[in-house]
Amino acid sequence: MGGDDFREAASDLREFTERMRRNVDNALKREMRALSVVARNYLQQPDGGGPQVWRGALLASIGPTSSPTVPEVIDTSGSYTTHAVEADAPYAGYVEYGTGRKQAGSPRPQANYKSPSVPPLGAIKEWVETKPVVPRSGYGDDPDAATDQLAADIASSIERMGTEAHPFMRPAFHQQSEQITLAHHNAVRTALRRSFRG
């Protein structure tokens, strides 16, 4: 193998690396958008469609994100991009995992989401009024007083017992993980085919 052959091989490798990086980046962007849609769908399912989708803030907070990362093993060829889906509403973890006694799982070992000691009574009352939640008998004839009492009872229950988990990110990831892996594999394979045809 002469010098020209080495230069050509090096050029082919550089071309492959760039093509692979671009293909994988594009494939993962598409897959993260799809994963976001699936997570939003899980959040809106009847068993997960409680107060967490009432105003839509959590739903709107779910989306793909990308950030450049420099791998420690490569110090010369630039950076790669990390793709993820995040739900950045401040209470997203509470919805995903539940709180207090009702917590189911956690994002890290021994991470606990405590029940709020002062649940947001005003927000609970607003939810009761707009959902609408109709108080059962025993709350009196005055609708305003019944709404106030129901909101107070819900807040007290949250403080004592916590809130049920309504997972939406984990099931979405489990549903889409094979497709994400396949998209990554196909992006690399396409780059190999196009870079080394001869």
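Our subject is the structure listed above.
In short, a report on the structure. It should be emphasised that the depicted structure is a prediction, and the values quoted were computed from it without experimental measurement. (Residues numbered from 1 in each chain as written. Predicted model: local features only at pLDDT ≥ 70, side-chain atom pairs only at ≥ 80, totals over all residues. Heavy atoms only, no water.)

**Focus: the overall build of the chain**
The cut-off we apply is this: Runs of H or I in DSSP of at least four residues are treated as helices and runs of E of at least two as strands, each being numbered from the N terminus. Think of it in three bands: with a 1.4 Å probe and only protein chains considered, a residue is buried below 20% of the maximum accessible area for its type, exposed above 50%, and partly exposed in between.
Along its length, the chain carries six helices and two strands. Counting every position in the chain, which comprises 198 residues, the buried fraction comes to 31%.

**Some points on helix α6 (residues 169-195)**
Counted only if it meets this: Expected span of a helix: the number of residues minus one, times 1.5 Å. Note that the bend at a residue is defined as the angle between axes fitted to the seven residues ending at it and the seven residues starting at it.
End to end, α6 covers 36 Å across 27 residues, agreeing with the expected 39 Å (1.5 Å per residue, within 8%). Approximately 50 degrees is the largest bend angle found in α6, and it occurs at Gln176. Listed in full, the buried residues belonging to α6 are Ala172, Gln176, Ile180, Ala183, Ala187, Thr190, Ala191 and Ser195.

**Some words on the packing of helix α4 (residues 121-130) against helix α5 (residues 143-161)**
For any two helices packed against each other, the geometry is given by the interaxial angle and the distance between the axes. Just so we agree on the cut-off: Convention adopted: a line fitted to C-alpha atoms gives each axis, helices being fitted over their contacting stretch, and angles between N-to-C directions are expressed from 0 to 180 degrees. Reported orientations rely on four angle classes, namely roughly parallel under 35 degrees, roughly antiparallel over 145, roughly perpendicular from 65 to 115, and oblique for the rest. By definition, any crossing whose near helix is turned counterclockwise from its far helix by less than a right angle is left-handed, and any crossing with a clockwise turn is right-handed. Only heavy atoms matter for contacts: two residues are in contact if any of them lie within 4.5 Å across the pair. Residues were grouped as follows: Ala, Val, Leu, Ile, Met, Phe, Trp, Tyr, Cys and Pro as nonpolar; Asp, Glu, Lys and Arg as charged; and all remaining residues, including Gly, as polar.
Two elements in contact, α4 and α5, have axes separated by 9 Å at closest approach and are oriented at 125 degrees. It follows that α4 is oblique to α5 by the angle criterion. Once α4 is placed against α5, the crossing between them reads as right-handed. Across from Leu121, Ile124, Lys125, Trp127, Val128 and Glu129 in α4, the residues of α5 making contact are Thr147, Asp148, Leu150, Ala151, Ala152, Ile154, Ala155 and Ile158. A breakdown of the residues in the contact of α4 with α5 according to their chemical character gives ten nonpolar, one polar and three charged.

**Describing the pattern of salt bridges**
Quick reminder of the rule: What counts as a salt bridge is simple: a side-chain nitrogen of Lys or Arg found within 4 Å of a carboxyl oxygen of Asp or Glu.
By the definition in use, this model includes six salt bridges. As a salt-bridge pair, Lys29 and Asp25 come within 3.5 Å of each other at their nearest N and O atoms. Remark: Asp25 and Lys29 occur in helix α1 (residues 3-44); sequence separation between them is four residues, near one turn of the helix. For Asp25, a relative accessible area of 18% puts it in the buried group. Between Glu164 and Lys102 there is a salt bridge, with its nearest N and O atoms 3.8 Å apart. Of this pair, Glu164 sits in the loop between α5 and α6 while Lys102 sits in the loop between α3 (92-97) and α4; the two residues are 62 residues apart in sequence, bridging distant segments of the chain. Under the relative-accessibility criterion, Glu164 is labelled partly exposed at 45%. For Lys102, a relative accessible area of 29% corresponds to the partly exposed category.

Nothing here speaks to function; it is all geometry.
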